[in-house]
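Observations on the three-dimensional arrangement
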Amino acid sequence: MNLTNDNLPDKLFNSMHSTPIFDLHTHLFPPTHKGYYLLGLKNLLNYHYLIAELLTATNIEPSIFYSYNNDKKASLVWNELFVKRTPVSEACAGVLTILKQLNIEINNKSFALICDEYDQKINSDKNILELSNVSSLVMTNNPFDLDEWSLFNNNDWNKKIYLSSLRLDDLILDYQESLKKVNDQTTDSSENNIIDYLEKCYLQSNPVYAAVSLNSDSFNIFLQTSTWKKIFIWLQSKNLPLTLMLGVNRGINKSFGLAGDGIGSINLKELSDLCNIYPKNKFLVTCLSFNDQHELVVLGRKHPNLRIFGFWWFMNQPSIIKQILKMRIDMLGFSFIPQHSDARVSDQLIYKWIHFKKILYPVLLEYYQDLIDKNFPISETIIERDMHNLFCANAKDFLGIK
Ligand code: HDL
Ligand code: ZN
């Protein structure tokens, strides 16, 4: 049955909110990975986005802030950003969205009471995955962080929900240290050990993609070193896509720790060259700077082995998502991966996806209404197909996974 402008809004809304989500990039871990699995309000308030806002809105000395335990840091963030100031930033609004979803009223309650109420409502990843409708997600797994990598020594977690990746930033940021770690695990020391090590990690973790974050300087390393030439050949042999997160400048304020990264330059002509040099490799790409978005979308029309994804980090702001989302649809149709959560605390899945759908819904409604006005038949089947593609299949098909 074809939809009309009268019944389209409800059908689109219901379909969008009932379609299971495959979350392409997160920093989440399964509950059994102690020390890496993060849950709850205090962890939410220790999110580095909020810490950056706290340290720049107050004159708290970063080294003093970071000397506090997580409870004290959370309480300070709450008091400074949510009590003494109005919590209108995207990261603050995210916390409030979760509280609203859990029916937790603030009403001048003490922070301790709010925490107690929260802990009674959120106590496992199960209710978070249900509330967010995320059916599976990709973790960020660093094969050069041997403690974090110990996750793969166990089988006490759901590998259908928590899919793995091979995050290779350390090979760029600290190649010699990474090579040393690899050689410490083998008998002879040679560059080939990197490929042998990646092969071992691949067999151990069954990643759905490899990933690196880069800026212009590191892109050159990428294009010129023999190690990366070997890695590209190895990735192609595995039919393993490479996720490129472009335009980051690590540690522009080192005293801020994880909150101290900023935007770095990137030359997207080098991305285009990469797609041409390695036509059989697949690249999932997102850019950190607003200034790179138009050129990236145009490249998405030129290279079949490139797939654009998400609104990464400083791009994940309501004020800019709508404009870039419409630009992507205008130039790529629905052939891109519209969002990922980048969640670090499991509870963030709830707000990251609610906030995105709030922007996506009116944008999609406008495009579908325009099609109906042009007498193009929009059926419920088409709506459900498109929602499945946007929230799941576009990513899984490009990755070659079910
Ligand atoms: O490099 C990345 O994967 C980024 O997402 C960083 O982890 C960043 O700190 C972040 O969490 N952004 O959302
Ligand atoms: Zn990330």
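Bear in mind the structure is a predicted one, so any value in this text is a computation, not a measurement. (Residues numbered from 1 in each chain as written. Chains lettered and ligands numbered in written order. Predicted model: local features only at pLDDT ≥ 70, side-chain atom pairs only at ≥ 80, totals over all residues. Heavy atoms only, no water.)

Quick notes on unusual backbone geometry
The residue N133 is not glycine, and still its phi comes out positive at about 60 degrees. Within the element layout of this structure, N133 appears in the loop between α8 (125–132) and β2 (134–138). (Helix = DSSP H or I, 4+ residues; strand = E, 2+ residues; numbered from the N terminus.)

Observations concerning the coordination of the zinc ion (ligand 2)
Looking at the zinc ion (ligand 2), one finds its protein donor set to be H25 (NE2), H27 (NE2) and D342 (OD), positioned 2.0 to 2.1 Å from the metal centre. All donors of the zinc ion (ligand 2) belong to a single chain; written as a sequence motif, their spacing is H-x1-H-x314-D. Taken together, the positions of H25 in the loop between β1 (21–23) and α2 (41–45) and D342 in the loop between α16 (318–332) and α17 (348–373) put the pair 317 residues apart, joining distant regions of the chain. Take H25: its relative accessible area is 2%, and that puts it in the buried class. Classification of D342 by relative accessible area gives buried; the value is 7%. (Donors = N, O, S within 2.8 Å, 3.2 Å for Na, K, Ca; no water. Buried < 20%, exposed > 50% of the residue type's maximum accessible area, 1.4 Å probe, protein only.)

A look at the packing of aromatic side chains
All chains considered together, the criterion is met by 22 aromatic pairs. With a centroid separation of 6.2 Å and 70 degrees between ring planes, the pair formed by F232 and F283 is classed as edge-to-face. Taken together, the positions of F232 in helix α13 (residues 226–238) and F283 in strand β9 (residues 283–287) put the pair 51 residues apart, joining distant regions of the chain. The rings of F219, F222, W228, F232, Y278 and F283 are connected pair by pair, giving a single aromatic cluster. (Phe/Tyr/Trp six-rings, centres within 6.5 Å; stacked < 30°, edge-to-face > 60°.)

As for the site of ligand 1
Near ligand 1, the surroundings consist of H25, H27, H48, Y49, R167, M245, R250, W312, W313, D342 and R344. Contact between ligand 1 and H27: an oxygen atom at 3.1 Å from a side-chain N or O atom of the residue. Within the contact set of ligand 1, an oxygen atom lies 2.6 Å away from a side-chain nitrogen or oxygen of R344. Against a free-state accessible area of 330 Å², the protein chains account for coverage of 98% of ligand 1. Of the residues belonging to the shell around ligand 1, the class tally is four nonpolar, three polar and four charged. (Near = heavy atom within 4 Å. Polar contact = N/O pair within 3.5 Å; in protein donor to acceptor, adjacent residues only side chain to side chain. Areas by Shrake-Rupley, 256 points an atom, 1.4 Å probe, with all protein chains shown as cover. Nonpolar A, V, L, I, M, F, W, Y, C, P; charged D, E, K, R; others polar.)

A closer look at the environment of D145
Within the fold, D145 resides in the loop between β2 and β3 (162–163). Sequence spacing of D145 and H388 is 243 residues, and the spatial spacing of their C-alpha atoms is 35 Å.

With respect to the packing of α16 against α17
It is the contact of α16 with α17, at a shortest axis distance of 10 Å, that shows an interaxial angle of 40 degrees. The angle between α16 and α17 falls in the class oblique. Here α16 and α17 pass one another in a crossing that is right-handed. The segment α16 lies against α17, with P318, I321, K322, L325, K326, I329 and D330 engaging F356, I359, L360, V363, L364, E366 and Y367. A class-by-class count of the residues in the contact of α16 with α17 yields ten nonpolar, no polar and four charged. (Axes fitted to C-alpha atoms, helices over the stretch in contact; angles between N-to-C directions. Parallel < 35°, antiparallel > 145°, perpendicular 65-115°, else oblique. Left-handed = near helix turned anticlockwise from the far one by under 90°. Contact = heavy atoms within 4.5 Å.)

Note that all results are geometric; they support no functional claim without further evidence.
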